[in-house]
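Breakdown of the fold
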Amino acid sequence: MDLIFAALGLVILLLAGDSLVRGAVNMSLRLGVPALIVSLTIVAFGTSAPELLISVQAIIEGVPGLAMGNVVGSNTANILLVLGVPALISGLSTATCDTKKSYLQMMGATVLFIVLCSGGVITWVQGLVLLAALGLMLSSAFREALSHRRSNHVAVDEVCCEDEEEVEGADPNMPWWKVILFLVLGLIGLPLGADLLVDASTNIARHFGVSETVIGLTLVALGTSLPELATTVMAALRKQAEVALGNVIGSNMFNLLAIIGIASLVGPIPVEPGILQFDLWVMLGASLLLAPFVFLKWHMGRVWGVILSMLYVVYVMIVLGMS
């Protein structure tokens, strides 16, 4: 029954997260907020909502290891699996991608996160540092977006119309009642799905003698990475490597800075020795693997897809073996 509840909770989370993003995007567009800004903020944060709800719920229910494991495991899965599978299917050509700045920001966030974790616990103090870094990242994105608009001398209305097609779930003709329905379903479904998944995952962990942290690093992390996986697969099939790469980089930054930052305000998040000694460094190593594709424009072909995917399988087997 716990496996069924965990699967049900995950499905509800994915559907509710998608509903919230669709509602938020279309409400913002209807109110006249530029779609580019929406994609940088509401969409990015909305797709991280399942991880956020799970982390907060885990801390409230006294299993903070699930929160830390979920974020670290999701970031590792995002690079090795979420990029590995699309590369395996059709390959990713990064020759025209310009993600240097965002990649450096992601590496900075990763190093900052590891340094803060070295103290053995993430409290509200470290959380505020992470949220401050998030604020700097967002303000930089806003300035870059506005500068780009001014330099091209394009009317805001025209840009919004062009960008609407690039923002997932955007529909300029969506009626208000439907927008509100999407928002309500998302806001109701997210806490419900998070509660089901956390309770079931905790029971599974206790039944098999596996720690909540390991469950977070594997089962929950893999589940909450499914939206990113679906997005990158579609981007790869459409030959939009920059979308795939940007999706992973942006998601990883939000996971580290926003989710742990906000969750730490609810309660302290202890960092288990296994996370400090192994999983954080795997996450850092996986992040460094992207450097040749970002700076040297290496082609992420099927061979690399196999390598990245197999590395993730090996990582999960090691984590389960250590538990």
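Above this note sits the structure.
Residues numbered from 1 in each chain as written. Predicted model: local features only at pLDDT ≥ 70, side-chain atom pairs only at ≥ 80, totals over all residues. Heavy atoms only, no water.

A tally of regular secondary structure across the chain gives 15 helices and two strands. Of all 323 residues assigned to the chain, the portion counted as buried reaches 52%. Carbon and sulfur atoms provide 70% of the accessible area of the chain, an area that totals close to 14,200 Å². (Helix = DSSP H or I, 4+ residues; strand = E, 2+ residues; numbered from the N terminus. Buried < 20%, exposed > 50% of the residue type's maximum accessible area, 1.4 Å probe, protein only. Areas by Shrake-Rupley, 256 points an atom, 1.4 Å probe, with all protein chains shown as cover.)

A separate point is the packing of aromatic side chains. Counted according to the given criterion, the structure contains six aromatic pairs. Look at F278 and Y315: their rings are 6.0 Å apart centre to centre, the planes differ by 25°, and that puts the pair in the stacked class. A residue pair is termed long-range when its members are at least 10 positions apart, and F278 in helix α13 (residues 273-288) and Y315 in helix α15 (residues 302-322) qualify at 37 residues. Looking at F278, the relative accessible area reads 22%, which means it is partly exposed. Between the aromatic rings of F293 and W298, the centroid separation amounts to 6.1 Å while the plane-to-plane angle is 90°, which identifies the pairing as edge-to-face. In this structure F293 comes out as buried when scored by relative accessible area, which is 1%. Under the relative-accessibility criterion, W298 is labelled partly exposed at 40%. Each residue in the set F278, Y312 and Y315 is aromatic and connected to the rest through ring pairs, giving one cluster. (Phe/Tyr/Trp six-rings, centres within 6.5 Å; stacked < 30°, edge-to-face > 60°.)

This next bit is on the packing of helix α4 (residues 64-80) against helix α10 (residues 212-224). α10 packs onto α4 with a crossing angle of 50° between their chain directions and a minimal axis gap of 7 Å. Classed by the angle they form, the pair α4 and α10 counts as oblique. α4 and α10 meet at a crossing whose hand is right-handed. Contacts between α4 and α10 involve G65, L66, G69, N70, V72, G73 and S74 on the former and, on the latter, E212, T213, I215, G216, L217, V220, A221 and T224. (Axes fitted to C-alpha atoms, helices over the stretch in contact; angles between N-to-C directions. Parallel < 35°, antiparallel > 145°, perpendicular 65-115°, else oblique. Left-handed = near helix turned anticlockwise from the far one by under 90°. Contact = heavy atoms within 4.5 Å.)

It is worth spelling out unusual backbone geometry at this point. The phi angle at K297 is positive, at roughly 60°, despite the residue not being glycine. Counting through the fold element by element, K297 comes out in the loop between α14 (291-295) and α15. Assessed through its relative accessible area of 25%, K297 is described here as partly exposed.

A rise of 1.5 Å per residue sets the reference length of helix α6 (residues 100-117), with its 18 residues, at 26 Å; its end C-alpha atoms lie 26 Å apart and thus fit the reference within 8%. Among the residues making up α6, those that are buried are Y103, M106, M107, A109, T110, F113, I114, L116 and C117. (Expected span 1.5 Å × (residues − 1).)

Before going further, it helps to examine the side chain of S140. Relative to the assigned elements, S140 resides in helix α7 (residues 124-152). By relative accessible area, S140 is classed as buried at 9%. Contacts of S140, omitting those with residues within four sequence positions, involve K101 and Q105.

Tracing the sequence through the fold places I215 in helix α10. With relative accessibility at 8%, the residue I215 sits in the buried group. In sequence terms I215 and I204 are 11 residues apart; their C-alpha atoms lie 8.4 Å from each other. If sequence neighbours within four positions are ignored, I215 has contacts with L66, S201, I204, A205, V210 and V220.

Once that is clear, we can look at the packing of α10 against α15. At a minimum axis distance of 9 Å, the contact between α10 and α15 shows a crossing angle of 145°. The crossing of α10 and α15 is left-handed. Contacts from V214, L217, T218 and L222 in α10 reach Y312, Y315, V316, V319 and L320 in α15. A breakdown of the residues in the contact of α10 with α15 according to their chemical character gives eight nonpolar, one polar and no charged. (Nonpolar A, V, L, I, M, F, W, Y, C, P; charged D, E, K, R; others polar.)

Next up on the list: α10. Here α10 is 13 residues long, yet its end C-alpha atoms lie only 16 Å apart, well below the 18 Å a rise of 1.5 Å per residue gives. T218 marks the point of greatest bend in α10, at about 25°. In terms of burial, α10 is largely enclosed, as 10 of its 13 residues are buried. For α10, every residue scored as buried is listed here: T213, V214, I215, G216, L217, T218, V220, A221, G223 and T224. (Bend = angle between axes of the 7 residues up to and from the residue.)

With that out of the way, let us pick up the nonpolar core. Grouped together as the largest cluster of nonpolar side chains are 85 residues, with contacts concentrated most on M68, F113, I122, L280, L290 and M300. Broken down by element, this core gets its largest block of residues, 12 residues, from helix α12 (residues 241-266). Discounting residues that sit within four places of it in the chain, M68 has contacts with F113, C117, I122, I269, P270, V271 and I275. (Core = buried A, V, L, I, M, F, W, Y, C linked by side-chain atoms within 4.5 Å.)

Now for the environment of M107. Within the secondary structure, M107 sits in helix α6. Considered as a pair, M107 and A291 are 184 residues apart in the sequence and their alpha carbons are 9.9 Å apart. Beyond its immediate chain neighbours, meaning those up to four positions away, M107 contacts L284, S287 and L288.

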